[in-house]
Amino acid sequence: MKSTRPFYPTPVITIDGPTASGKGTVAALVAAQLGFHLLDSGALYRLAALASVRYAIAPDDAESLAKLIDDLHITFREGLAQLDGVDVSNEIRAEEVGNRASMIAAHPAVRTALVARQRAFRKLPGLVADGRDMGTVIFPDAVLKVFLTASVEARAARRHKQLIQKGFSANMDDLLRDLRERDARDSNRAAAPLKPAADAQLLDTSALSVDQAVEQVVQWYQESSQLRPAR
Ligand code: DC
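A brief structural summary. Because the structure is a prediction, the values reported are computed rather than measured. (Residues numbered from 1 in each chain as written. Predicted model: local features only at pLDDT ≥ 70, side-chain atom pairs only at ≥ 80, totals over all residues. Heavy atoms only, no water.)

1. Observations regarding the pattern of salt bridges
The cut-off we apply is this: For this analysis, a salt bridge means a side-chain nitrogen from Lys or Arg found within 4 Å of a carboxyl oxygen belonging to Asp or Glu. In this text, helices come from DSSP runs of H or I with a minimum length of four residues, and strands from runs of E with a minimum of two, each type numbered from the N-terminal end.
Under the defined criterion, the tally for this structure stands at 14 salt bridges. As a salt-bridge pair, Asp141 and Arg122 come within 3.2 Å of each other at their nearest N and O atoms. Of the two residues, Asp141 sits in the loop between α6 (134–138) and β7 (144–149) while Arg122 sits in the loop between α5 (108–119) and β6 (127–131), which places them 19 residues apart along the sequence. As a salt-bridge pair, Arg132 and Asp186 come within 3.4 Å of each other at their nearest N and O atoms.

2. Some remarks on the nonpolar core
Here is a general trend for soluble globular proteins: nonpolar side chains tend to be buried in one another's company. In plain terms, the rule: Think of a nonpolar core as a cluster: buried Ala, Val, Leu, Ile, Met, Phe, Trp, Tyr and Cys residues, connected wherever their side-chain atoms sit within 4.5 Å. Only protein chains enter the accessibility calculation, which uses a 1.4 Å probe; a residue whose area is less than 20% of its type maximum is buried, one above 50% is exposed, and one in between is partly exposed. A contact between two residues is defined here by any heavy atoms of the two lying within 4.5 Å.
With 35 residues, the main nonpolar core has Leu39, Leu47, Leu72, Leu83, Ile92 and Phe139 as its most contacted residues. If you list the elements that add at least two residues to this core, you get α2 (41–54), α3 (62–71), β4 (80–83), α4 (95–104), α5, β6 and α6. Per-element tally for this core: the top contributor is α2, with 8 residues. Sequence-distant contacts of Leu47, that is, excluding residues within four places in its chain, are made with Ile74, Phe76, Ala81, Gln82, Leu83, Val88 and Ile92.

3. Details of the sheet that holds strand β3 (residues 74–77)
Whenever strands of a sheet pair, they do so through backbone hydrogen bonds, lying parallel or antiparallel. Selection criterion: Paired strands are those between which DSSP finds at least two bridges. Angles shown run from 0 to 180 degrees and are taken between the N-to-C directions of axes, each axis being a line fitted to C-alpha atoms and, for helices, limited to the stretch in contact.
Read across the open sheet, the 3 strands follow the order β3-β4-β5; overall the sheet is antiparallel. Each edge of the open sheet carries a strand with a single partner, namely β3 and β5 (86–87). Packed on one face of the sheet, α2 meets β3 and β4 and runs near 30° to β4.

4. Topic: the sheet that holds β6
Read from one edge to the other, the open sheet built from 5 strands follows the order β2-β6-β1-β7-β8, with strand pairing classed as parallel. Two strands bound the open sheet, and with one partner strand each, they are β2 (37–40) and β8 (201–204). Between one strand axis and the next, the sheet turns by 20° as a mean value, whatever way the strands run. In the sheet, strand β1 (residues 12–16) pairs with β7 via 4 bridges, with the strands oriented parallel. Residue pairing across strands places Ile13 opposite Leu144, the latter belonging to β7. Across the sheet, helix α1 (residues 23–34) touches β1, β2, β6 and β7, and the angle it forms with β6 is around 180°.

5. Here we look at the site of the ligand
The line we're drawing: One heavy atom within 4 Å of a molecule or strand is enough for the residue carrying it to be called near that molecule or strand. Nitrogen and oxygen atoms within 3.5 Å of one another constitute a polar contact, given that in protein one can donate a hydrogen and the other can accept it, and given that sequence-neighbouring residues count only through two side-chain atoms. Per-residue accessibility takes into account occlusion by the displayed protein chains alone, with areas from the Shrake-Rupley method and a 1.4 Å probe. Put simply, Ala, Val, Leu, Ile, Met, Phe, Trp, Tyr, Cys and Pro go in the nonpolar bin, Asp, Glu, Lys and Arg in the charged bin, and everything else, Gly too, in the polar bin.
Residues in close proximity to the ligand total 18 residues, the closest being Arg46, Arg111, Arg132, Asp133 and Arg189. Interatomic distance of 3.0 Å between a side-chain N/O atom of Asp186 and an oxygen atom of the ligand. Relative to its unbound accessible surface of 440 Å², the ligand loses 98% to contact with the protein. Every element with two or more residues in the shell around the ligand is listed here: α2, α4 and α8 (172–188). Counting residues per element, the shell around the ligand draws most heavily on α2, at 4 residues. Taken together, the residues that form the shell around the ligand break down as 4 nonpolar, 5 polar and 9 charged.

6. Concerning helix α9 (residues 210–226)
Given 3.6 residues per turn, any residue in an α-helix points the same way as the ones three and four places further on. Applied cut-off: Helices are assigned an expected span. That span is 1.5 Å times one less than the residue count. Arc definition: directions from the helix axis to the C-beta atoms.
For α9, with 17 residues, the first-to-last C-alpha span of 25 Å sits near the 24 Å given by 1.5 Å per residue. Those residues of α9 not exposed but buried are Ala213, Val214, Val217, Val218, Trp220, Tyr221 and Ser224. Each buried residue of α9 sits inside an arc of 155° when the element is viewed along its axis, so together they form one side. Opposite the buried face of α9, by more than 90 degrees, sit the exposed residues Asp211, Glu215 and Gln226.

Keep in mind these values describe shape, not function.
Here it is as C-alpha cells:
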C-alpha cells in the first residue's frame with residue numbers, strides 16, 4: 001500500500017560565516033543538543049589543501065586539484081579527520097593549511113569536486129552544516145540558515161586562544177592581517193563568495209557567549225519546526 005504521508009526532506013541547519021566567527025563551536029554544540037549529524041565543510045577544504053601539499057600540486061592548478069579531490073580517501077570518525085587512514089585533525093588546523101584552503105577554494109572546479117561529499121552528510125535525523133556557502137549553494141533548502149558575524153578583533157582573539165591551546169605559536173598582529181586577507185579573498189571570489197543567504201538569520205557573536213549563541217540557534221530551529229508538520 002502506498003504511504004499517504006507527505007515526504008519532508010531531512011532537516012538541515014546551515015551556519016555560515018567568516019573565519020573564526022565561532023561557527024565551528026556553535027555548530028558542534030547545536031548538533032549535539034539536537035542529536036544531529038555535523039558537517040565541518042572547512043575541514044574538507046583543509047584536507048584537500050593538506051593533500052595538495054603532500055602530492056605537490058600547485059594551488060593554482062585547478063584541474064589537478066579537482067582530480068586529486070575525486071580520489072582522496074577522507075574519513076571523519078568520532079570527531080577525527082583522517083587522510084589516507086591517518087589522523088590529521090591537528091595538522092589541518094594550522095594557519096598555513098587554512099590559508100592554502102582559502103586559496104584553492106576560489107577555484108570553481110575545486111568547489112564542484114566537493115559538492116557531493118558535502119551533501120552525503122545529510123542523514124536522518126538531521127544535519128548541522130558549517131562553512132561559507134552551506135545556505136547559499138550546498139543546502140539551499142535548509143530549514144534554518146544562520147550567518148554568524150563577529151568583529152575582526154574578537155575573531156583574532158578567539159583564533160589566538162585556539163592556536164595556543166593546540167600548541168601552535170600565534171601573534172595577534174599577524175592574525176589580524178591574515179584574517180583580513182582571508183575575509184577579502186573568501187568574500188570577493190566569483191565562485192560561491194562568503195555572503196549571507198537572502199533568507200538567513202544574522203547573529204553577531206562579538207558580545208555573546210558560546211552558550212548564548214547556541215541557545216539562539218536552537219530557539220530559531222524550534223520556532224521553524226513549529227511551522228512545519230511533524231514527520
Ligand atoms: O572554516 P575554515 O576556516 O576551516 O575554512 C578554511 C577555508 O576553506 C576558508 O578560508 C575558505 C574555505 N571554505 C570555503 O570556501 N567554503 C566552505 N564551505 C568552507 C571553507
